[in-house]
Each structure stands twice: as structure tokens, then as C-alpha cells.
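# Reading the structure
Here's the letter readout for the chains.
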Amino acid sequence: QVQLVESGGGLVQAGGSLRLSCAASGRTDAMGWFRQAPGKEREFVASISWRGESTYYGAAVKGRFTVSRDNAKNTVYLQMNSLKPEDTAVYYCAAGASFPTVVPGRYAYWGQGTQVTVSS
């Protein structure tokens, strides 16, 4: 059983940046970030392999977001730059699937989510 805790969300103006963190209770393999806006399905954001040498991004965030990890700290990060109002959502990290799984249902473990709100 792996527990995941996200942090770093908040309110930011369009064009600004935020960095999200996801702390795991133990070793994880590939990790994923997803987001869900009100009334919408959960959307794939990014995935990173165990060693961090491979990353994969959703089309909506590619070029603006960067996923990274520090395995010594069992922590994965999501650096979000050039934020847009349409990035407003609850952001979740997930574990328990192979890289680069983009389907939410294939992940076994989820954090509680952190709210990101981008004002125009």
C-alpha cells in the first residue's frame, strides 16, 4: 500500500508559475499527474519513469509543465509555468501503473488532490 500526499496548489494569476509536490510513503515505480476540473473527466497531465529518464506529457501542457522526481525523498514534482485559466483544476498524483500510462483507471494509488486556480 502506497500513500500519496500532494501539496503546493494555490491561486495564481495567468502567466504565473506553481510547483506541485507529491510525497510517497514508500518506493514507487512510474508516477503520473492528472487533473480534474468541475464537470469534466480526469485528464492526464504527465508521467515520469522510475529513474526519471523518461517523461511524457499531455498535449494541453506540453512545453509549459515539467515533471521530475527525487527518489531519495520519494517525491515527484510538477513545475507549472505559463499558467492559463483553463489549467484550473484539482491536481492528483498517482502510482501503481507502468510508464507512460495515461488512463486513470490503471493507476492503483491516488493522492487526495490539491487545488490549482488560475485567475485571468
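On a predicted model such as this, the values are computed, not experimentally measured, just so you know. (Residues numbered from 1 in each chain as written. Predicted model: local features only at pLDDT ≥ 70, side-chain atom pairs only at ≥ 80, totals over all residues. Heavy atoms only, no water.)

## Overview of the state of the cysteines
Every disulfide links exactly two cysteines, by a covalent bond between their sulfur atoms. As enumerated under the stated definition, the model contains one disulfide in all. A disulfide bridge connects Cys-22 with Cys-93, and the sulfur atoms are separated by 2.0 Å. Of note, the bridge from Cys-22 to Cys-93 carries an S-S torsion of about 60° and is right-handed in sense. One end of the pair, Cys-22, is in strand β3 (residues 18-24); the other, Cys-93, is in strand β9 (residues 89-95), and 71 residues separate them in sequence. Assessed through its relative accessible area of 1%, Cys-93 is described here as buried. (Disulfide = S-S within 2.5 Å. Helix = DSSP H or I, 4+ residues; strand = E, 2+ residues; numbered from the N terminus. Buried < 20%, exposed > 50% of the residue type's maximum accessible area, 1.4 Å probe, protein only.)

## A few points about the environment of Trp-33
Along the chain, the position of Trp-33 falls in strand β4 (residues 31-36). C-alpha of Trp-33 to C-alpha of Ser-47: the two residues are 14 residues apart in sequence and 6.2 Å apart in space.

## Topic: the sheet that holds strand β7 (residues 65-70)
In a beta sheet, neighbouring strands are held together by backbone hydrogen bonds and run either parallel or antiparallel to one another. As summarised here, the arrangement of the four strands in space is β1-β3-β8-β7, forming an open sheet in which the pairing is antiparallel. One side of each edge strand has no neighbouring strand; the edge strands of this open sheet are β1 (4-7) and β7. Each strand axis lies, on average, 15° off the axis of its neighbour in the sheet, ignoring direction. Of the strand pairs in this sheet, β7 and strand β8 (residues 75-80) are connected by six bridges, and their pairing is antiparallel. For Asp-70, the partnering residue across the bridge sits in β8 and is Thr-75. (Pairing = 2+ DSSP bridges. Axes fitted to C-alpha atoms, helices over the stretch in contact; angles between N-to-C directions.)

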